[in-house]
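If you want the building blocks of each chain, they are given just below.
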Amino acid sequence: MGRRIAHIGIAVRDLKTSVPLFSKLLGKPPDHTEKVEDQQVHTAMFVLKESAFELLEPASPDSVIAKYIAKRGEGVHHISIYVDDIKGELSRLKQEGFQLVDEKPRKGANHCLVAFVHPKSTNGVLIELAQKVG
Ligand code: ZN
């Protein structure tokens, strides 16, 4: 498949307000909602052809999204890129000198393995690598 934008992750305080807002904005309901235990977030995916918007609401006060919103408010949180081989890509990026948040992939939303690359090494943009599994 090769690399492509999987989705744009947006931190929101409350899906109850943001899902209707984005439904109105995009002219469609979300395609998928899911709680991601590993990251303590509730997510709502709005698929737009080959990519998507992923709304992220903190599921607990310790969630990274809760901390992000407390510090910077709601807004674009990360950009996710599909890769074919997430482990290979992580070791390639590490070798290239990128700072990894996750040395190993973990379970993300939508049957994906995910891993984050630190914004300090990517011009301030948190990058998520995602690989579809199953
Ligand atoms: Zn994401």
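What comes next concerns the included structure. (Residues numbered from 1 in each chain as written. Predicted model: local features only at pLDDT ≥ 70, side-chain atom pairs only at ≥ 80, totals over all residues. Heavy atoms only, no water.)

Here's the deal with the overall build of the protein
Scanning the protein from terminus to terminus reveals three helices and eight strands. Sequence-ordered secondary structure for the protein, helices as α and strands as β, is β-α-β-β-β-α-β-α-β-β-β. Of the contacts formed within the protein by residues at least 6 apart in sequence, a portion of 51% connects residues at least 24 apart. A total accessible area of about 7,800 Å² is found for the protein, and carbon and sulfur atoms account for 55% of it. (Helix = DSSP H or I, 4+ residues; strand = E, 2+ residues; numbered from the N terminus. Contact = heavy atoms within 4.5 Å. Areas by Shrake-Rupley, 256 points an atom, 1.4 Å probe, with all protein chains shown as cover.)

As for the coordination of the zinc ion
Ideal values differ by geometry: the angle at a metal is 109.5 degrees with four tetrahedral donors, but 90 or 180 degrees with six octahedral donors. For the zinc ion, every protein donor is listed as His-7 (NE2), Glu-54 (OE), His-78 (NE2) and Glu-128 (OE), and the spread of their distances is 2.1 to 2.5 Å. Spacing between the donor residues of the zinc ion along their common chain follows H-x46-E-x23-H-x49-E. With Glu-54 in strand E4 (residues 51-58) and His-78 in strand E5 (residues 75-82), this pair connects stretches of sequence that are 24 residues apart. (Donors = N, O, S within 2.8 Å, 3.2 Å for Na, K, Ca; no water.)

A few points about the packing of aromatic side chains
This structure, assessed with the given rule, holds two aromatic pairs. Residues Phe-22 and Phe-46 carry aromatic rings whose centres are separated by 6.3 Å and whose planes lie at 40 degrees to one another, so their mutual orientation is tilted. On the criterion of sequence distance, the pair formed by Phe-22 in helix H1 (residues 15-26) and Phe-46 in strand E3 (residues 41-48) is long-range, its members being 24 residues apart. Given a relative accessible area of 11%, Phe-22 falls into the buried group. When its relative accessible area of 0% is taken as the criterion, Phe-46 is described as buried. Feature note: the residues Phe-22, Phe-46 and Phe-53 constitute an aromatic cluster, connected by ring pairs. (Phe/Tyr/Trp six-rings, centres within 6.5 Å; stacked < 30°, edge-to-face > 60°. Buried < 20%, exposed > 50% of the residue type's maximum accessible area, 1.4 Å probe, protein only.)

A closer look at unusual backbone geometry
The residue Gln-40 is not glycine, and still its phi comes out positive at about 50 degrees. Checked against the element boundaries, Gln-40 lands in the loop between strand E2 (32-36) and E3. Of note, Asn-110 is a non-glycine position whose phi angle comes to about 60 degrees, a positive value.

Side note on the pattern of salt bridges
Inspection of every chain in the model, using the stated rule, returns nine salt bridges. A salt bridge links Glu-89 to Arg-3; its shortest N-O distance comes to 3.0 Å. Highlighted residues: Glu-89 in helix H3 (residues 86-95) and Arg-3 in the segment before strand E1 (4-11), separated in sequence by 86 residues. Judged by its relative accessible area of 10%, Glu-89 falls in the buried class. With its nearest N and O atoms 2.9 Å apart, the salt bridge here joins Lys-28 to Asp-31. Lys-28 gets classed as partly exposed once you look at its relative accessible area, which sits at 22%. Overlapping salt bridges bring together Arg-3, Glu-89, Arg-92 and Glu-96 as one network. (Salt bridge = Lys/Arg side-chain N within 4 Å of Asp/Glu carboxyl O.)

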